[in-house]
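Spelled out, the chains give:
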Amino acid sequence: MKILIMRHGEAEHYAATDAERALTNKGRSDSIKSASLCADKGFVHIDMVLVSPYLRAQQTWQAISSCFNAKHIKVCDDITPYGDAAHVGDYIAAIAEVERPKSILLVSHLPLVGYLTAEFVPKIVPPMFPTSGITCINYDVINRRGELDFHIHP
């Protein structure tokens, strides 16, 4: 199974709350560039997309959704900036075992995207993600561990 982890695009610095920060035009265009590069690598069909409820992640998904043929899209409250990587890792592992998707895309935030990568790929330091960065992990459902396949950024 392939797990794609994406950090949202560049967002405005100020809003009433962190959850309400909107994407900038650069954030939209950079996210589309990264998603297009990912699609060029053969990731056009995505079985499941999990998106943070925060505005910038929702807008990132809206901007890139035309690059993918996504089967199921869900808002996931657990993948906000300070979500628990171990909890999310267990959730993804359970989805993998029960629903057997071939690919999952998570659209989330720092620092969680780095911690999630390290959760799925043992023995690596959580990587820093640039905005609109996407990491692909080749995940072994049976052994619950993965290997980094590629990292894309605009």
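The text that follows walks through the structure, step by step, so that each part is easy to find.

Definitions and cut-offs
Residues numbered from 1 in each chain as written. Predicted model: local features only at pLDDT ≥ 70, side-chain atom pairs only at ≥ 80, totals over all residues. Heavy atoms only, no water. Axes fitted to C-alpha atoms, helices over the stretch in contact; angles between N-to-C directions. Helix = DSSP H or I, 4+ residues; strand = E, 2+ residues; numbered from the N terminus. Parallel < 35°, antiparallel > 145°, perpendicular 65-115°, else oblique. Left-handed = near helix turned anticlockwise from the far one by under 90°. Contact = heavy atoms within 4.5 Å. Pairing = 2+ DSSP bridges.

1. Looking at the packing of helix α3 (residues 85-99) against helix α4 (residues 112-120)
Stage number 1. It is at 9 Å that the axes of α3 and α4 come closest, and there the two elements cross at 55 degrees. As far as their axial angle goes, α4 and α3 are oblique. For the element pair α3 and α4, the recorded crossing hand is right-handed. For the pair formed by α3 and α4, the contact residues are Ala85, Ala86, Val88, Gly89 and Ile92 on the first element and Leu112, Tyr115, Leu116, Glu119 and Phe120 on the second.

2. So, the sheet that holds strand β2 (residues 45-51)
Stage number 1. The strand order across the open sheet formed by six strands is β3-β2-β4-β1-β5-β6, and the pairing between neighbours is mixed. Single-partner strands in this sheet number two, and they are β3 (69-75) and β6 (145-152). Sheet twist, expressed as the average angle between the axes of neighbouring strands with direction ignored, equals 20 degrees.
Stage number 2. One ladder, built from six bridges, connects strand β1 (residues 2-7) with strand β4 (residues 103-108); its direction is parallel. Counted as the bridge partner of leucine 4 is leucine 105 from β4.
Stage number 3. Contacting β1, β5 (134-140) and β6, helix α1 (residues 25-40) crosses the sheet at an angle of about 120 degrees to β6.
Stage number 4. Those strands touched by α4 are β1, β4, β5 and β6, and its axis lies near 160 degrees from that of β1.

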